[in-house]
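# Per-entry structural report
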Amino acid sequence: MNAVQRSGHVLTVEIATSIADEALAELCEATNAAIAEGGGFGWVQAQDRAALARHFRGVLLVPDRTLFLARLDGEVVGSAQLVRPPKNNEAQAFAAQLTHAYIAPYARGHGLARALVTRAEEHAAAMGFRVLNLDVRETQTRAIALFESLGYRRWGTHPAYARVEGRTVAGHFYYKLLEPGRGRSTESLMGGA
Ligand SMILES: CC(C)(COP(=O)(O)OP(=O)(O)OC[C@H]1O[C@@H](n2cnc3c(N)ncnc32)[C@H](O)[C@@H]1OP(=O)(O)O)[C@@H](O)C(=O)NCCC(=O)NCCS
């Protein structure tokens, strides 16, 4: 668990291997608040608590996924998922995907999203991944500002990326090179990526 103090708040990011009922309830509330505000998840409409709880319990059971929880003063207010490639995808075994990253609207602006994404990057690098991929709706301007300030490079835009409330929304695709800190450097291994 990484905890930092900022402006009188305690920011924490942890990897969840199990989840207590109280934390799960907070996570479901944060998720629905983010969905209602407009994104961070594939869901467009708020979900009932049971459906969200099933989703997160399911995530914990999937070997290829790691769930990160962000807490503000101890309360779960956001999450992100790191997805590793399946074993049969040898050709892309160097790349992981960051998905479903969000902070509830009532906990934004404290630096938690930056801490959450940075923690996921550190974990991916420590696992030996050289590339982290992510994609985001073009309407998520705060997320785009965050990812670009963290060094993600936009390599493409999909014009028919998502459908939200009857409208087609474009999406941007990003990657970032990671340095595992052991073995050859990513730059020398991957060439001019
Ligand atoms: C994007 C999001 C995660 C940011 O959460 P947050 O906890 O407020 O972010 P932070 O406080 O860590 O701020 C990180 C960066 O976000 C941007 N940002 C934060 N608040 C902002 C604001 N009010 N206006 C513009 N940019 C802002 C800045 O680039 C900031 O950089 P800084 O650290 O140099 O100030 C949050 O707005 C969110 O959940 N949005 C909806 C979900 C989403 O878009 N997810 C990404 C798709 S997977």
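Thresholds applied
Residues numbered from 1 in each chain as written. Predicted model: local features only at pLDDT ≥ 70, side-chain atom pairs only at ≥ 80, totals over all residues. Helix = DSSP H or I, 4+ residues; strand = E, 2+ residues; numbered from the N terminus. Rg over C-alpha atoms; globule rule 2.2 N^0.38 Å. Buried ≥ 20, exposed ≤ 12 C-beta atoms within 10 Å, placed from the backbone. Pairing = 2+ DSSP bridges. Axes fitted to C-alpha atoms, helices over the stretch in contact; angles between N-to-C directions. Contact = placed C-beta atoms within 7 Å. Expected span 1.5 Å × (residues − 1). Parallel < 35°, antiparallel > 145°, perpendicular 65-115°, else oblique. Nonpolar A, V, L, I, M, F, W, Y, C, P; charged D, E, K, R; others polar.

Turning next to the overall build of the chain. In terms of helices and strands, the chain carries five helices and eight strands. In sequence order, the chain lays out its α and β elements as β-β-α-α-β-β-β-α-β-α-β-β-α. Taking 16 Å as the expected radius of gyration for a compact globule of 193 residues, we find that the chain reaches 17 Å, a close match to that expectation. The C-alpha extent of the chain, read off along each of the three principal axes, is 45 × 40 × 35 Å. The buried share among the 193 residues of the chain stands at 28%.

Turning our attention to the sheet that holds strand 7 (residues 153-164). Sheet architecture is open: eight strands sit in the order 1-2-3-4-5-6-8-7, paired in mixed fashion. Here the strands that pair on one side only, and so sit at the sheet edges, are strand 1 (2-6) and strand 7. The average angle at which neighbouring strand axes cross in this sheet is 25°, direction not considered. Of the pairings in the sheet, the one linking strand 5 (residues 95-103) to strand 6 (residues 131-137) comprises three bridges and is parallel in character. Bridging across to strand 6, Gln97 finds its partner in Asn133. Helix 4 (residues 141-149) contacts strand 6 and strand 8 (167-177) of the sheet and is inclined by roughly 160° relative to strand 6.

Our focus in this paragraph is the environment of Met190. Structurally, Met190 is set in helix 5 (residues 186-190). In this structure, the C-alpha to C-alpha distance between Met190 and Glu26, residues 164 residues apart in sequence, is 41 Å. Not counting residues within four places of it along the chain, the set of residues in contact with Met190 comprises Arg130 and Leu177.

Taking 1.5 Å of rise per residue, 17 residues should cover 24 Å, and helix 1 (residues 21-37) covers 24 Å from first to last C-alpha, within 8% of that figure. Residues of helix 1 that are buried include every one of Glu26, Leu27, Cys28, Ala30, Thr31, Ala34 and Ile35, and no others. Of the surrounding elements, those touching the buried residues of helix 1 are helix 2 (49-61), strand 3 (65-72), strand 4 (75-83) and strand 5. Taken from the residues just after helix 1, Gly38 is the one with a positive phi, measuring 130°.

Looking at the secondary structure, you find Ala96 in strand 5. Spatially, the C-alpha atom of Ala96 lies 9.8 Å from that of Tyr175, the residues being 79 residues apart in sequence. Leave out the neighbours within four places in its chain, and Ala96 touches Leu82, Val83, Arg84, Ala124, Phe129 and Leu132.

What follows covers the packing of helix 1 against helix 2. In a packed pair of helices, the relevant descriptors are the angle between the two axes and the axis-to-axis distance. The geometry of helix 1 relative to helix 2 is characterised by a closest axis approach of 10 Å and an angle of 110° between their N-to-C directions. What the angle tells us is that helix 1 and helix 2 run roughly perpendicular. The segment helix 1 lies against helix 2, with Leu24, Leu27, Cys28, Thr31 and Asn32 engaging Arg49, Leu52, Ala53 and Phe56. When its residues are assigned to classes, the contact of helix 1 with helix 2 shows six nonpolar, two polar and one charged.

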